[in-house]
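# Observations on the model geometry
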Amino acid sequence: ASPALLMRVVASAYSVAEKAATIVRNVMAAGDLGIVEKTGANDLQTKADRLVQMSICASLARKFPKVTIIGEEELSTDEVAEELIEDGHCEEILKKTCPAQYAGIKEEELVIWVDPLDGTKEYTEGLLDHVTVLIGIAYEGKAIAGVINQPYYNYEAGAGAVLGRTIWGVLGIGAFGFQLTEAPAGKHIIVTTRSHSSTLVNDCISALNPDSIIRVGGAGNKIIQLIEGKASAYVFASPGCKKWDTCAPEAILHAVGGKITDIRGNSFQYNKEVKHMNSAGVLATLRNYDYYASRIPNNVKQSLVP
């Protein structure tokens, strides 16, 4: 019997994300990032964002034509150069058994949310370890599988280091490609935004009385901080985050027993009709979600409308 559709989509997304990482590194190495401001200086798009989105969307659409694919960048997918197409897949993923509840899924029931380059601003500033490629897979409005590629993972190891890694997960199977680690017990380490701070963001964090605060770019990167034990909660009391930022990270976090919601405790919905903005912010933890949720001030919740 051929593998279930979900496993084939994840296996393809894995290879597509690895191709994306190569594109991201090549654009940086060539030196011309082709930066354009979208809505302002903190909302940038580079040549890598454009090429990677074309590569991911066209590659997956060619193999799975009935799947809905929603990408961050508004681009036409008509003419995509053949060298951007990736048609490989990860054999290892195809060997895993699809969870029974997802075995009968049809193409038209899946929605794929793509952030071609999460942490664009950091990419332009050379903070390369913040950068991720995100491919999230949703069914019935829920994030059920995801792929996160870090194109520059290991880049501080110096010349000759093998760069990049791909993390993937499916609800009911687990998540792979990293070492799951708990944050230090009894420590409250908050990871939050680096470039989108505000009074509300900072008031919310102060109310949690953290032992330390890590400010980094990229939603994918922040979830990695949680699953690798560097932070105990990801808190962002602001409307800036979008569905393509949270879909893949949510699937991976949930696959290892973590939890992500908006600041008010509502789950995110990922059906194709949903609005793209996560207007009520983000609260995510690997463990002890209730501890952090119970300490979010009411005025913060009231300021953020879903």
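Residues numbered from 1 in each chain as written. Predicted model: local features only at pLDDT ≥ 70, side-chain atom pairs only at ≥ 80, totals over all residues. Heavy atoms only, no water.

Moving on: the layout of surface pockets. Summary: where empty space remains is shown by rolling a probe the size of a single water molecule over the atoms. Put simply, the largest pocket is a space of about 520 Å³. Lining of the largest pocket is provided by 28 residues; of these, Asn-42, Asp-118, His-196, Gly-240 and Asp-245 occupy positions nearest its centre. Of all elements in the fold, only β2 (43-45), β4 (110-118), α4 (120-124), α6 (219-227), β11 (233-236) and α7 (243-255) reach the threshold of two or more residues within the lining of the largest pocket. Tallied by class, the residues present in the lining of the largest pocket amount to eight nonpolar, ten polar and ten charged. Lining the lining of the largest pocket are residues from two domains, each supplying at least three of them: domain 1 (5-176) and domain 2 (189-303). Counted as a void, the second largest pocket has a volume near 230 Å³. (1 Å grid on protein atoms, 1.4 Å probe; cavity = no way out; pocket = protein on both sides within 12 Å on 5 of 7 lines; lining within 4 Å. Points joined across faces, edges and corners; volume = space filled by probe spheres on them. Helix = DSSP H or I, 4+ residues; strand = E, 2+ residues; numbered from the N terminus. Nonpolar A, V, L, I, M, F, W, Y, C, P; charged D, E, K, R; others polar. Domains from an automatic or database assignment.)

Grouped burial of nonpolar side chains is what soluble globular proteins tend to show. One finds Tyr-123 and Tyr-234 to be the most contacted residues of the largest nonpolar core, which totals 106 residues. Considering each element in turn, this core owes the most residues, 14 residues, to helix α1 (residues 5-30). Viewed by domain, this core spans two of them, domain 1 (5-176) and domain 2 (189-303), each represented by three or more residues. Non-local contacts of Tyr-123, meaning those with residues more than four positions away in its chain, are made with Val-24, Val-27, Met-28, Leu-33, Thr-46, Ala-48, Leu-117, Leu-128, Val-131 and Tyr-152. (Core = buried A, V, L, I, M, F, W, Y, C linked by side-chain atoms within 4.5 Å. Buried < 20%, exposed > 50% of the residue type's maximum accessible area, 1.4 Å probe, protein only. Contact = heavy atoms within 4.5 Å.)

Moving on to the domain arrangement of the chain. You can read the domains of the chain as domain 1 (5-176) and domain 2 (189-303). Using C-alpha coordinates to define each centre, domain 1 is positioned 21 Å away from domain 2. With 40 residues of domain 1 at the interface, the matching set in domain 2 holds 30 residues. In terms of surface lost to domain 2, no three residues of domain 1 exceed Trp-113, His-130 and Ala-143, which account for 23% of the buried area on that side. At the surface where domain 1 touches domain 2, the tally comes to three salt bridges. Summed over the shared surface of domain 1 and domain 2, the result is nine residue pairs in polar contact (both at pLDDT 80 or more). For the side of domain 1 that touches domain 2, the secondary-structure elements that each account for two or more residues are β3 (68-71), β4, α4, β5 (132-139), β6 (142-150), β7 (165-170) and β8 (174-176). (Buried area = accessible area lost by both parts, 1.4 Å probe. Salt bridge = Lys/Arg side-chain N within 4 Å of Asp/Glu carboxyl O. Polar contact = N/O pair within 3.5 Å; in protein donor to acceptor, adjacent residues only side chain to side chain.)

Next up on the list: the packing of aromatic side chains. A complete count under the given rule lists six aromatic pairs for this structure. Seen from their ring centres, Tyr-152 and Tyr-155 are 6.3 Å apart, and the 75° between their planes marks the pair as edge-to-face. On the basis of an interplanar angle of 80° and a centroid distance of 5.0 Å, the ring pair of Tyr-291 and Tyr-292 is categorised as edge-to-face. (Phe/Tyr/Trp six-rings, centres within 6.5 Å; stacked < 30°, edge-to-face > 60°.)

Let us look at the sheet that holds β5. Pairing within the open sheet is mixed, and its six strands lie in the order β3-β4-β5-β6-β7-β8. The open sheet is flanked by β3 and β8, the only strands paired with a single partner. Recorded for the sheet is a direction-independent mean angle of 15° between the axes of neighbouring strands. Running at roughly 85° to β5, α6 makes contact with β4, β5, β6 and β7 of the sheet. Along the sheet face, α7 touches β3, β4, β5, β6, β7 and β8 and points at about 100° away from the line of β6. (Pairing = 2+ DSSP bridges. Axes fitted to C-alpha atoms, helices over the stretch in contact; angles between N-to-C directions.)

This part is about helix α5 (residues 199-207). Listed in full, the buried residues belonging to α5 are Val-201, Cys-204 and Ile-205. All buried residues of α5 lie within an arc of 95° about the axis, which places them on one face of the element. Turned more than 90 degrees away from the buried face of α5 sit Thr-199 and Ser-206, all of them exposed. If you follow the buried residues of α5, they end up packed against β9 (189-193), β10 (212-216), β11 and α9 (298-303). Downstream of α5 by one or two residues, Asn-209 has phi in the positive range, about 50°. (Arc of directions from axis to C-beta.)

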